[in-house]
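For reference, the chains in residue letters:
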Amino acid sequence: MAIRSLKSGTFSRSGMVGNPVIMPGSYESIATASPSGSTSFTFSSIPSTYSHLQIRYMGVSSYPLISSNLGTGTKSHSLYGYGSGSAAYAWDPLAGGMYVAIDGSSGNVSSGIIDIFDYANTSKNKTFMALHGRETNTSDSSIHFASGFWNSTSAITSITITNNVAGSVAFGTGTSFALYGVN
Amino acid sequence: MALQLFKIADSTVESPVATVTFSSIPQGYTDLKLFISARGDAGAISRSVYVTFNGSSTSYADIYLQGDGSAASSGSNSGGGTKIYAGECTASTATSNTFGNQEMYIPNYTGSNNKSAATDAVAETNATTQYMSLVAGLWSNTAAITSITLVPSTGSFVAGSTFTLYGVL
């Protein structure tokens, strides 16, 4: 099996023929969730051993909200475009929670990434950053860039995603969320 | 194949610094990814962060889409051709103990093409006004990127700011 040198980029043969080469990465899966049919789910008991957290998701959702063991947050902001894409908008939409996306349709597949940097650093208030897109080949398409603020320096140990502000609409079929730790 | 990130280097500011540089970047990865959790000491709610490569101060361009909590705007060439705009970090009038989030992706950093960089950045704070930016940057230079330098528009990055550089395979 060939080994690629990270320093030079060159390939060479393994001295241990037949043995797999294990390269210690900095991006590790912590947990996954398939919440189809549920209105919310929680990643709990998040270890504090990583530097950052990242959630990657795809599926059918409607106005998903993020909360944590630090609560529902005290401030959030959004930058977004929708429809024909001819204009962009910004606002501070906190009403009932912090939106990961302002996603008006529950019938189309969307995808996104949520970052929480320094989630276990007890000297920093916690914030998130989320980029979300939904292309439907119709005027119902949208892209949203969101952020939010928890007024607490405590570590984040659990994260809950609720599908909509009323909590009454379930995630659609095929929805999946994956939580990663970044060293 | 799953996303493979490998930490190349990280830096935690212990006392205010005007620049942060990653040098001698290994050339064996496909792309680079930079995570920034930073705060500036300038007297404002946020401060722009700029990036240069290989110590160069020429041939940069950028275009951005930005929200301030109430309106969206766009612009270009925020770095004046001498650097790439990388969004905003929080600064001294933002909520205490609150740092910005910035993520920069630099594809094909060793290739013989000109170098591009895409940045997502939020300077979240407990206030209505806050700056969030999506930025596309270009360095019209075909040299491989071997160093990255980050600077705030004025002042310094404060203690507790963290910068982490990853290689992507």
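None of these values were measured; they are calculated from a predicted model.

So, how was this worked out
Residues numbered from 1 in each chain as written. Chains lettered and ligands numbered in written order. Predicted model: local features only at pLDDT ≥ 70, side-chain atom pairs only at ≥ 80, totals over all residues. Helix = DSSP H or I, 4+ residues; strand = E, 2+ residues; numbered from the N terminus. Rg over C-alpha atoms; globule rule 2.2 N^0.38 Å. Buried ≥ 20, exposed ≤ 12 C-beta atoms within 10 Å, placed from the backbone. Contact = placed C-beta atoms within 7 Å. Pairing = 2+ DSSP bridges. Axes fitted to C-alpha atoms, helices over the stretch in contact; angles between N-to-C directions. Core = buried A, V, L, I, M, F, W, Y, C linked by C-beta atoms within 7 Å. pLDDT = per-residue confidence, 0-100.

Student: Lay out the overall build of chain B in plain terms, naming residues and giving numbers.
Tutor: Helix and strand counts for chain B stand at zero helices and twelve strands. Going from the N terminus to the C terminus, chain B shows its helices and strands as β-β-β-β-β-β-β-β-β-β-β-β. Taken over the C-alpha trace, chain B has a radius of gyration of 15 Å; the compact-globule value for 169 residues is 15 Å, and the two agree within 12%. In terms of its C-alpha atoms, chain B occupies a principal-axis envelope of roughly 45 × 35 × 35 Å. Residues counted as buried form 49% of the 169 residues belonging to chain B. Contacts in chain B between residues at least 24 apart in sequence constitute 77% of all its contacts with a sequence separation of at least 6.

Student: I'd like a rundown of the sheet that holds strand β11 (residues 148–152) of chain B, residues and numbers included.
Tutor: Residue and element names in this part refer to chain B. Strand order in the open sheet formed by four strands is β2-β11-β4-β7, with antiparallel pairing between adjacent strands. Every interior strand has two partners, whereas the edge strands, β2 (20–22) and β7 (84–90), have only one. Taking the axes of each pair of neighbouring strands and ignoring which way they run, one obtains an average angle of 25° across the sheet. Both strand β4 (residues 46–53) and β11 contribute to a ladder of five bridges, which runs antiparallel. Bridged to Tyr50 within β11 is Val151.

Student: Provide a residue-level description of the interface of chain B and chain A, including the pertinent values.
Tutor: Chain B puts 38 residues into the contact, and the matching count from chain A is 37 residues. Contributions of two or more residues to the side of chain B that touches chain A are made by β1 (5–12), β3 (31–37), β5 (60–67), β8 (101–107), β9 (115–122), β10 (132–139) and β12 (162–168) of chain B. Per-element accounting of the side of chain B that touches chain A gives the leading share, four residues, to β12(B).

Student: Before we move on, can you summarise the nonpolar core with the specific residues and values?
Tutor: The nonpolar side chains of a soluble globular protein tend to be buried, and buried together. Formed by 82 residues in total, the largest nonpolar core has its most connected members in Ile66(A), Val100(A), Val51(B), Ile84(B), Ala86(B) and Ile148(B). Not counting the four nearest positions on each side in its chain, Val100(A) is found in contact with Pro64(A), Leu65(A), Ile66(A), Gly112(A), Ile114(A), Ala130(A), His132(A) and Ala146(A).

Student: Requested: an account of the confidence of the model for chain B, with residues and values cited.
Tutor: Here chain B averages 96 in pLDDT, while 98% of its residues score no lower than 70. Both scores are given for the predicted complex: the pTM is 0.90, the ipTM 0.93.

Student: Summarise the confidence of the model for chain A; cite the residues concerned and give the values.
Tutor: Should the pLDDT be low somewhere, the predicted coordinates at that spot are not to be read in detail. For chain A, per-residue confidence averages 84 on the pLDDT scale, and residues scoring 70 or more make up 81% of the total. This model gives residues 10–15 of chain A a pLDDT under 50, and the stretch forms twelve contacts once residues within four places in sequence are excluded.

Student: Tell me about the sheet that holds β5(B), and name the residues and values.
Tutor: All names here are of chain B. One open sheet accounts for eight strands, arranged β1-β12-β3-β8-β9-β10-β5-β6; its pairing is antiparallel. This sheet does not close on itself; its edge strands, each paired only once, are β1 and β6 (72–76). Strand-to-strand, the axes of this sheet are offset by a mean angle of 15°, without reference to chain direction. Judged from the five bridges that link them, β5 and β6 form a sheet pairing that is antiparallel. Pairing of Leu65 across the sheet is with Ser74, part of β6.

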